[in-house]
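Fold and contact review
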Amino acid sequence: MRKTIILAASVLLFSCNTKENDMSVYDGEYTVDNATVITMNGNQVSIPDYSGAAIRIAVTAGNDCDITLINLITGQTEVDIPGTLSSTAEGSDGTVFSGETVSGDRSVTVEGTTSGTTLASVKITEKINVQGIPGKWTLGSISLEFSHPDMNTLDLSGLVPGASVPVSDLVTSVNERLNSLISANPSIKENYVELTEDGYVNTGDAVNGTDSPEDIISYYIRQGDKTLNIHLPKSVVEAIFLSLLEDPESEAIIEAFELGSLISNPQSIVIPFDYNIENDILSVTADQEIVSPYLSSLSGAIDRIKEAILLLPADYSKIIAELIMPESGQLINDTNYTVINNLLIDIIDALISPDATYSVTFGLTAVEI
């Protein structure tokens, strides 16, 4: 009888312990709300930037689990992390989770706590693992490219009868002029863009160091399609717009160019650059794909710009012509300057045409500053 009682008690005790250690009660998705504390790389971030974020927990065995980060890692909608769980203080309805993994362009370490059905806190630390990307970079060169099937030459017969300029020659001339200015200006070499190891974009100079608000604008790499993507979160875009509205002149420009809809509904912005690394040179290229998603919302602004160009006086048209074609300035006078104005309109129309192909490549040199 005594043995039977001891056996029954042992079974009961074992059952109770098993129930207490059953972490599957924490299976589920935990959303971010206004009370969630999110810390990214040591910085507490803006909750509205993560309004669609959550974590998903799936217990695999014992305290082991799979943790899925949803809309918490820049450039990756979901990141799966093997992790572990542990109970919080007695009386709490949440759990503590932690784990680490390598995903895409970075290693990710996460730890946090749940509370009920929400995410109480989460701390994420990242490190970019794409070799050759993190570091300080200065501008070494610029290369422009442009082509359009209906614009092989620019008609300058209004300045000189029968004169025209091949577009390819004009592009070459502009590239030579830009790179000559870069070579002749030593201060350009003293300014840098820093791509940090934890995924942020900062700027600075050799004298004062980093001069931009640190750890606000981020970047991520997609190695498969060789793109370096600059990410401006919603809070940053909104702050930029609000600062513009504080300036009466900027506010007038925003109103004149019909940009109110963009400002009243700010969204996160991603700017993709193709990239290549060779001989310590990081080449980043932006093309028409950056502009195309915004053309419809910018149509009013483009129309206002074209109207303003048509009203430019002769002195301004001459300055613009000399910047593009230095030798043309002496040909412009008060009667023929509108040739340049109309030419600028033609160039804008070509740039916004779906048939245009254009790009700008920045050659960045790695430096130790």
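Residues numbered from 1 in each chain as written. Predicted model: local features only at pLDDT ≥ 70, side-chain atom pairs only at ≥ 80, totals over all residues. Heavy atoms only, no water.

Scanning the protein from N- to C-terminus turns up 9 helices and 20 strands. In terms of C-alpha radius of gyration, the protein reaches 29 Å, well past the compact-globule figure of 21 Å for 369 residues. Contacts spanning at least 24 positions in sequence make up 56% of the contacts within the protein whose residues lie at least 6 apart. For the protein, the exposed area adds up to about 20600 Å²; of that, 55% sits on carbon and sulfur atoms. Each charge sign in the protein was given a centre, from 16 positive and 52 negative side chains, and these centres are 11 Å apart. (Helix = DSSP H or I, 4+ residues; strand = E, 2+ residues; numbered from the N terminus. Rg over C-alpha atoms; globule rule 2.2 N^0.38 Å. Contact = heavy atoms within 4.5 Å. Areas by Shrake-Rupley, 256 points an atom, 1.4 Å probe, with all protein chains shown as cover. Lys, Arg positive; Asp, Glu negative; His and termini not counted. Charge placed at Lys NZ, Arg CZ, Asp CG, Glu CD.)

Let us now look at unusual backbone geometry. Its identity is not glycine, yet N71 carries a phi of approximately 55 degrees, on the positive side. Structurally, the position occupied by N71 is in strand β5 (residues 64-73). For K226, which is not glycine, the phi torsion reads 55 degrees and is therefore positive. Tracing the backbone through its elements, the reader meets K226 in the loop between β16 (218-222) and β17 (227-232).

β16 sits mainly inside the fold: 4 of its 5 residues count as buried. Relative to β17, β16 runs antiparallel, the two being bridged by 5 bridges. Across the sheet, residue S218 finds its bridge partner in β17, namely H231. Between the antiparallel neighbours β16 and β17 lie 4 residues, among them K226 with a positive phi of about 55 degrees. (Buried < 20%, exposed > 50% of the residue type's maximum accessible area, 1.4 Å probe, protein only. Pairing = 2+ DSSP bridges.)

Sheet analysis places strand β2 (residues 37-40) next to strand β9 (residues 118-128), joined by 4 bridges and oriented parallel. Counted as the bridge partner of T39 is K123 from β9. Where β2 meets strand β3 (residues 43-44), 2 bridges bridge the pair, whose relative direction is antiparallel. Bridging across to β3, M40 finds its partner in N43. Count of turn residues in the β2/β3 antiparallel hairpin: 2 residues, of which N41 carries a positive phi of about 50 degrees.

Attention now moves to the side chain of T114. Take T114: it is sitting in strand β8 (residues 106-115). Of the polar contacts made by the side chain of T114, one reaches the backbone nitrogen of T95; its length is 3.0 Å. Residues contacting T114, with those up to four places away along its chain left out, are Y30, I55, I57, G94, T95, F97 and A120. (Polar contact = N/O pair within 3.5 Å; in protein donor to acceptor, adjacent residues only side chain to side chain.)

Tracing the backbone shows I57 in strand β4 (residues 54-61). For I57 and A184, which are 127 residues apart along the polypeptide, the C-alpha to C-alpha distance reads 58 Å. Among residues more than four places away in sequence, those in contact with I57 are Y26, D27, G28, Y30, C65, D66, L85, T95, F97 and T114.

Our next topic: the packing of aromatic side chains. In the structure shown here, the tally under the stated rule is 0 aromatic pairs. Over the ring of Y192 we find K136; its NZ or CZ atom is 5.5 Å from the centre of that ring. (Phe/Tyr/Trp six-rings, centres within 6.5 Å; stacked < 30°, edge-to-face > 60°. Lys NZ or Arg CZ within 6 Å of the ring centre and 35° of its normal.)

Overall, antiparallel pairing links the 9 strands, which are arranged β15-β14-β13-β10-β20-β19-β18-β17-β16 in an open sheet. Either end of the sheet is taken by a strand with one partner, and the two such strands are β15 (209-210) and β16.

Taken as a whole and judged by the stated rule, the model has 7 salt bridges. Between E78 and R56 there is a salt bridge whose closest N-O contact spans 3.5 Å. Here E78, found in strand β6 (residues 76-87), pairs with R56, found in strand β4; they are 22 residues apart in sequence, far enough to count as distant. The partly exposed category is assigned to R56, whose relative accessible area is 31%. Among the charged side chains, a salt-bridge network with shared partners connects E29, R56 and E78. (Salt bridge = Lys/Arg side-chain N within 4 Å of Asp/Glu carboxyl O.)

It is worth spelling out the packing of helix α2 (residues 167-184) against helix α8 (residues 314-324) at this point. The contact between α2 and α8 brings their axes to 9 Å, and the two run at 90 degrees. The angle between the axes of α2 and α8 places the two elements in the roughly perpendicular class. Where α2 approaches α8, its residues L170, S173, V174 and R177 are matched on the opposing element by E322, L323 and I324. Here the residues of the contact of α2 with α8 sort into 4 nonpolar, 1 polar and 2 charged. (Axes fitted to C-alpha atoms, helices over the stretch in contact; angles between N-to-C directions. Parallel < 35°, antiparallel > 145°, perpendicular 65-115°, else oblique. Nonpolar A, V, L, I, M, F, W, Y, C, P; charged D, E, K, R; others polar.)

Our next topic: α2. With 18 residues, α2 should reach 26 Å at 1.5 Å per residue; the first-to-last C-alpha distance of 26 Å fits that figure. Residues of α2 that are buried sit in contact with β10 (135-147), β11 (153-155), β12 (164-166), α3 (186-190) and α8. (Expected span 1.5 Å × (residues − 1).)

Further remarks concern the nonpolar core. I38, I55, L69, L72, F97 and I124 are the most contacted members of the largest nonpolar core, which has 26 residues in total. In terms of residues, this core owes the most to one element, β5, which gives 5 residues. Counting 25 residues, the second-largest nonpolar core is a separate cluster that includes I230, V237, I263 and L364. (Core = buried A, V, L, I, M, F, W, Y, C linked by side-chain atoms within 4.5 Å.)

The next point concerns a negative patch on the surface. Among the surface-exposed residues, D247, E249, E251 and E255 lie close enough to one another that they form a single negatively charged patch. Relative to the helices and strands, D247 is located in the loop between α4 (234-245) and α5 (248-256). (Patch = residues over 30% accessible without salt bridge, like charges linked within 9 Å, V, L, I, M, F, W, Y side chains within 5 Å.)

What is shown is where atoms sit, not what they do.
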